[in-house]
Amino acid sequence: MVVITLQRKKCIGCNYCVELAPAQFQMSKKDGKTVLLHSIEKKGFFTIKSFDESIFDCSNEAKKACPVNIIEVKQI
Amino acid sequence: MQKIELMAPAGNFESLQAAIDNGCDSIYFGVEQLNMRARATVNFTLDDLEEIEKRCSEKNVRTYLTLNTIIYDHDLSIVKTLIKRAKEANITAVIAMDQAVISMAREQQMEVHISTQINITNIETVKFYSMFADTIVLSRELSLRQVKKITEDIEKDQIKGPSGRLIEIEIFGHGALCMAVSGKCYMSLHSHNSSANRGACKQNCRKKYTVIDQETGFEMELDNEYIMSPKDLCTIDFLDQVGDAGIKVLKIEGRGRAPEYVAKVIKCYRDAIDSLANGTYDKEKVISWMQELEKVYNRGFWNGYYLGQKLGEWSKESGSHATQKKVYLGRGEHYFDKAKIAQFKIDAYDVAIGDTILVTGPTTGAQEMELKQMFVNDAPAEKATKGDEVTMKLDFKVRRSDKLYKIVKTEFAEN
């Protein structure tokens, strides 16, 4: 299972995560920050758990590209 | 010569208060992500706009909102919201780089200042942007002679902004300069995928580098490994020439700096500008201001490009050359209003009579003074150490959010 977590509040809207993992991330036109699609929020942390292992690589690339280190990607 | 407006950086409420207390005429600040310090852990939010305006308007300080990053399509809505909220909160102007921001601010009848990132270096470009803005920040790479020519031509050609007033020129007066052209840099983006132009500069130009020819392996012999790290700009020693160039606003760089830095730099430049206005600006004062400025964060000083000489003044060490630094002692616990007594708990280190202490906080700003008297556990004492409850007479209110520091000399003070 792939678990992706986004600490959304610290996003600076650089768009890199969307370029690398467009199926998981989308920029919000409301506040210019990224949205982790289909995620559930808990205390400012947005999380998705997916059995689709194919999303790991691109999400991990997005994690590595994030300049403010607010994306966490784990395979459990 | 018109009196120069002193513009201070404000990265948080501590620095904002320190700037106001030390006599700035205006402040600039960022909100949320669309400013050159978006990466900063502490940044103002939209909800802080009213408080910023309230504190500044009480002291007749003008407020400028920086919205000067590159802007993507997905940012347009937040740009509109920021400008709308700034307008509602009576913020004086928006500092813009992107044409979308300029256009949106104009649509909402918000005053616009053209950011240095647009890199304006000639009178025709000033004329072009005068259609949209009343104040223009010139490129950092101009000499004062070139700046003067531009201000003279504005007067001669009567170039006016949307307000109907002559265009006012702003330049950088003090603080960090990078090797990029007017702050537009891609180094951090290339090396760390972290765009300086989105406010996420990693400052990797400040590190040691060697230059090696990849074909031959030949390594260039360099006197200094910090080949991309210029010293900090300082204009206080030729402020008379800066004033003579006809500028209206002098901007102090440093939204990432500590409140005591803002306090010290603004105080020095306030004194200098006032001295210039009343004819008492002299060499002796310059020496004492320079000594004060050296106490806080700096990478060594140079004149930038203003005097048209000595290009390539690189810093020689990493980090600061400050002759002083602060050491955390403890935090504020209580303030007895009637007696004007402040109570602190010492968490680390120790403090003694005769030490210079610093109290910082969101409402307190940065207050520095010599410790002349104190009580430890209700008895007069010469020294206090970790774990002690200390009381001392202070003229300003101390809050629980305030921190107490001691100012100590650094190795640079001994050199």
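Calculation rules
- Residues numbered from 1 in each chain as written.
- Chains lettered and ligands numbered in written order.
- Predicted model: local features only at pLDDT ≥ 70, side-chain atom pairs only at ≥ 80, totals over all residues.
- Heavy atoms only, no water.
- pLDDT = per-residue confidence, 0-100.
- Pairing = 2+ DSSP bridges.
- Helix = DSSP H or I, 4+ residues; strand = E, 2+ residues; numbered from the N terminus.
- Contact = heavy atoms within 4.5 Å.
- Axes fitted to C-alpha atoms, helices over the stretch in contact; angles between N-to-C directions.
- Expected span 1.5 Å × (residues − 1).
- Buried < 20%, exposed > 50% of the residue type's maximum accessible area, 1.4 Å probe, protein only.
- Buried area = accessible area lost by both parts, 1.4 Å probe.
- Polar contact = N/O pair within 3.5 Å; in protein donor to acceptor, adjacent residues only side chain to side chain.
- Nonpolar A, V, L, I, M, F, W, Y, C, P; charged D, E, K, R; others polar.
- Patch = residues over 30% accessible without salt bridge, like charges linked within 9 Å, V, L, I, M, F, W, Y side chains within 5 Å.
- Areas by Shrake-Rupley, 256 points an atom, 1.4 Å probe, with all protein chains shown as cover.
- Salt bridge = Lys/Arg side-chain N within 4 Å of Asp/Glu carboxyl O.
- Core = buried A, V, L, I, M, F, W, Y, C linked by side-chain atoms within 4.5 Å.
- 1 Å grid on protein atoms, 1.4 Å probe; cavity = no way out; pocket = protein on both sides within 12 Å on 5 of 7 lines; lining within 4 Å.
- Points joined across faces, edges and corners; volume = space filled by probe spheres on them.
- Arc of directions from axis to C-beta.

## As for the confidence of the model for chain B
Here is step 1: Considering every residue of chain B, the mean pLDDT works out to 91; 97% of them sit at 70 or more.
Here is step 2: For this predicted complex, the interface confidence comes out at an ipTM of 0.80, alongside a pTM of 0.87.

## Comments concerning the sheet that holds strand β16 (residues 375-376) of chain B
Residues and elements named next belong to chain B.
Here is step 1: Read from one edge of the open sheet, eight strands run β15-β14-β20-β11-β12-β19-β16-β17, paired in antiparallel fashion. Among the strands making up the open sheet, the edge pair consists of β15 (365-370) and β17 (379-380).
Here is step 2: Bridge count between β16 and strand β19 (residues 389-393): two bridges; the pairing is antiparallel. Paired with Val-376 across the bridge in β19 is Val-390.
Here is step 3: Strands in contact with helix α9 (residues 259-278) are β11 (324-336), β14 (356-361) and β15; relative to β15, the strand with the most contacts, it is inclined by about 75 degrees.

## Thoughts on α9(B)
All names here are of chain B.
Here is step 1: Under the 1.5 Å per step criterion, the end-to-end length of α9 is 28 Å for 20 residues, consistent within 8% with the ideal 28 Å.
Here is step 2: Most of α9 sits inside the fold, with 15 of its 20 residues counted as buried.
Here is step 3: Following α9 by one or two positions, Gly-279 has its phi on the positive side, about 80 degrees.

## Regarding the interface of chain B and chain A
Here is step 1: Between chain B and chain A, the residue contacts involve 15 residues of the former and 16 residues of the latter.
Here is step 2: The junction of chain B with chain A conceals about 1,200 Å² of combined surface from both sides, 50% of it contributed by carbon and sulfur atoms.
Here is step 3: Between chain B and chain A we count six residue pairs in polar contact (both at pLDDT 80 or more) in total.
Here is step 4: Its residues assigned to classes, the side of chain B that touches chain A shows five nonpolar, six polar and four charged.

## Section: the side chain of B:Thr135
Residues and elements named next belong to chain B.
Here is step 1: Position of Thr-135 relative to the elements: it lies in strand β6 (residues 135-137).
Here is step 2: Residue Thr-135 is classed as buried on the basis of its relative accessible area, which comes to 2%.
Here is step 3: At 3.4 Å, the side chain of Thr-135 and the side chain of His-113 are in polar contact.
Here is step 4: Contact partners of Thr-135, with chain neighbours within four places excluded, come to Glu-111, Val-112, His-113, Ile-114, Glu-168, Glu-170 and Val-249.

## Side note on a nonpolar patch on the surface
Residue and element names in this part refer to chain B.
Here is step 1: A cluster of nonpolar residues, Val-211, Phe-218 and Met-220, forms a patch on the protein surface that exposes about 280 Å² of accessible area.
Here is step 2: By secondary structure assignment, the location of Val-211 is in the loop between α7 (187-192) and β8 (232-234).
Here is step 3: Residue Val-211 is classed as partly exposed on the basis of its relative accessible area of 31%.

## A look at the nonpolar core
Residue and element names in this part refer to chain B.
Here is step 1: The biggest cluster of nonpolar side chains holds 87 residues, and the ones touching the most others in it are Ile-27, Phe-29, Leu-138, Ile-169, Ile-171 and Tyr-269.
Here is step 2: A total of nine residues in this core trace back to one element, the largest contributor, which is α9.
Here is step 3: Sequence-distant contacts of Ile-27, defined by excluding residues within four places in its chain, comprise Met-7, Ala-8, Ala-10, Leu-16, Ala-19, Ile-52, Cys-56, Val-61, Arg-62, Thr-63 and Tyr-64.

## A few points about the pairing of β14(B)
Residue and element names in this part refer to chain B.
Here is step 1: Burial of β14 is extensive: five of the six residues sit out of reach of the surface.
Here is step 2: With antiparallel pairing between neighbouring strands as the criterion, β14 and β15 make up a hairpin whose turn holds three residues.
Here is step 3: In the sheet, β14 pairs with strand β20 (residues 403-409) via five bridges, with the strands oriented antiparallel. Residue Leu-358 lies in a different strand from β20, and its bridge partner there is Tyr-405.

## Section: the layout of surface pockets
All names here are of chain B.
Here is step 1: Size it by volume and the largest pocket reaches roughly 950 Å³.
Here is step 2: Met-36, Arg-37, Gln-203, Glu-253 and Gly-256 are the residues nearest the centre of the largest pocket, which is lined by 42 residues in total.
Here is step 3: Of all the elements in the fold, those that place two or more residues in the lining of the largest pocket are β2 (26-30) and α7.
Here is step 4: A breakdown of the residues in the lining of the largest pocket according to their chemical character gives 16 nonpolar, 17 polar and nine charged.

## Some thoughts on helix α10 (residues 283-293) of chain B
All names here are of chain B.
Here is step 1: For α10, the full list of buried residues reads Val-286, Trp-289, Met-290 and Leu-293. Down the axis of α10, the sector holding all buried residues measures 100 degrees, keeping them to one side. Along α10, exposed side chains directed more than 90 degrees from the buried face belong to Glu-284 and Ile-287.
Here is step 2: Contact partners of the buried residues in α10: β7 (168-175), β8, α9 and β10 (301-302).

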